[in-house]
Amino acid sequence: MKIAIMGAMVEEIEPLLENFKDYEEIVYGKNRYYKVLYKNSELYIAYSKIGKVNATLTASTLIQHFGCEKLLFSGVAGAIDSSLKIGDLIYASSLAQHDLDITIFGHPHGYVPEGGVFTNSSKELNNIAKEVAIDLKITIKEGIVATGDQFIASNEKKEWIAKTFNASAIEMEGAAVGVVCDALNTPFFILRAISDAADMDASFSFDEFLKSSAKVSAGFVISMVNKVAK
Ligand code: 4EZ
């Protein structure tokens with residue numbers, strides 16, 4: 001099987017490359033893709049660069065060019081749900097684009113005509129995550145993830161995202177990956193470890209915890225790949 005493992009920033013995939021060690025680098029569309037042979041599978045690891053557009057290009061390339069049949073995203077996020085602390089893991093049950101706004105036409109925030117507001121992730125992959133968490137004796141949360149082309153660093157915006165989307169975490173790529181995978185019938189899983197609280201201290205917290213939280217997320221995805229790869 002061909003499995004995609006994607007991050008947004010180089011820090012989010014570095015722990016994966018360090019773990020798998022042996023990889024082939026392939027350049028495509030001004031981006032680098034790392035091919036790893038693992039069991040009877042091929043893993044394609046890449047970081048997209050931040051934001052929905054870059055994430056769309058990379059997810060689409062992983063599926064349409066490299067032929068990946070499943071996609072696992074690993075990275076960090078800001079906490080919207082205040083029970084989520086630095087380093088905590090959350091996977092997206094569904095995702096929405098919080099910055100998509102045609103509300104003037106009477107539609108809800110995040111709504112796309114012929115689409116909807118939320119994209120659901122793969123129940124099968126989410127169940128594997130629950131099993132892995134039990135095996136590792138760690139806690140993982142499930143929740144709605146909001147995505148937009150903004151680094152959220154204000155309580156006001158955070159509260160608006162919480163009440164509008166009932167979201168637990170905030171980041172800048174997940175919903176875009178979800179739209180691509182949904183359209184191309186590719187099961188996907190979006191995992192994030194908390195790096196900040198999306199408040200006025202978020203940029204400092206992000207800089208401090210990006211690497212350590214990215215490592216937590218990547219470590220979990222590595223355990224999952226072990227169960228997903230066939
Ligand atoms: C985007 N990622 C942040 C990239 C920031 C700075 C050079 C995750 C993230 C995030 N996104 C962590 N905390 C966030 C927040 N508070 N708002 C949005 O996926 C790059």
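Residues numbered from 1 in each chain as written. Predicted model: local features only at pLDDT ≥ 70, side-chain atom pairs only at ≥ 80, totals over all residues. Heavy atoms only, no water.

### A few points about the overall build of the protein
- Helix and strand counts for the protein come out as six helices and ten strands.
- Scaling as 2.2 N^0.38, a compact globule of 230 residues should have a C-alpha radius of gyration of about 17 Å, and the protein matches this with 16 Å.
- Across its three principal directions, the C-alpha atoms of the protein cover 50 × 35 × 35 Å.
- Among the 230 residues that make up the protein, the fraction classed as buried is 51%.
- Nonlocal contacts in the protein, meaning residues at least 24 apart in sequence, comprise 78% of its contacts between residues at least 6 apart.
- Carbon and sulfur atoms make up 52% of the accessible area of the protein, which amounts to about 10,700 Å² in all.
- Across the protein, the 22 positively charged side chains and the 29 negatively charged ones have centroids separated by 5 Å. (Helix = DSSP H or I, 4+ residues; strand = E, 2+ residues; numbered from the N terminus. Rg over C-alpha atoms; globule rule 2.2 N^0.38 Å. Buried < 20%, exposed > 50% of the residue type's maximum accessible area, 1.4 Å probe, protein only. Contact = heavy atoms within 4.5 Å. Areas by Shrake-Rupley, 256 points an atom, 1.4 Å probe, with all protein chains shown as cover. Lys, Arg positive; Asp, Glu negative; His and termini not counted. Charge placed at Lys NZ, Arg CZ, Asp CG, Glu CD.)

### Some thoughts on the packing of aromatic side chains
- Here the structure, examined in full by the defined rule, presents eight aromatic pairs.
- Ring geometry for tyrosine 28 versus phenylalanine 66: centroids 6.2 Å apart, planes at 70 degrees, classification edge-to-face. Linking tyrosine 28 in strand E2 (residues 24-28) with phenylalanine 66 in the loop between helix H2 (52-65) and strand E5 (70-79), this pair joins segments that are 38 residues apart in sequence.
- With a relative accessible area of 35%, tyrosine 28 lands in the partly exposed category.
- On the basis of relative accessible area, phenylalanine 66 is assigned to the buried category, the value being 8%.
- Residues phenylalanine 151 and phenylalanine 206 carry aromatic rings whose centres are separated by 5.5 Å and whose planes lie at 75 degrees to one another, so their mutual orientation is edge-to-face. With phenylalanine 151 in the loop between strand E8 (140-147) and helix H4 (155-165) and phenylalanine 206 in helix H6 (residues 202-228), this residue pair connects regions lying 55 residues apart in the sequence.
- Residue classification places phenylalanine 151 among the partly exposed positions, given a relative accessible area of 40%.
- An aromatic cluster is present here, built from Tyr28, Tyr33, Tyr44 and Phe66 joined pairwise through their rings. (Phe/Tyr/Trp six-rings, centres within 6.5 Å; stacked < 30°, edge-to-face > 60°.)

### A closer look at the packing of H2 against helix H5 (residues 174-183)
- Put simply, H2 and H5 touch, their axes get as near as 8 Å, and they point 35 degrees apart. At the point where H2 passes H5, the crossing takes the right-handed sense. Packed against H2, whose contacting residues are Lys52, Ala55, Thr56, Ala59, Ser60 and Ile63, the element H5 presents Ala176, Val177, Val180 and Cys181 at the interface.
- By residue class, the composition of the contact of H2 with H5 is seven nonpolar, two polar and one charged. (Axes fitted to C-alpha atoms, helices over the stretch in contact; angles between N-to-C directions. Left-handed = near helix turned anticlockwise from the far one by under 90°. Nonpolar A, V, L, I, M, F, W, Y, C, P; charged D, E, K, R; others polar.)

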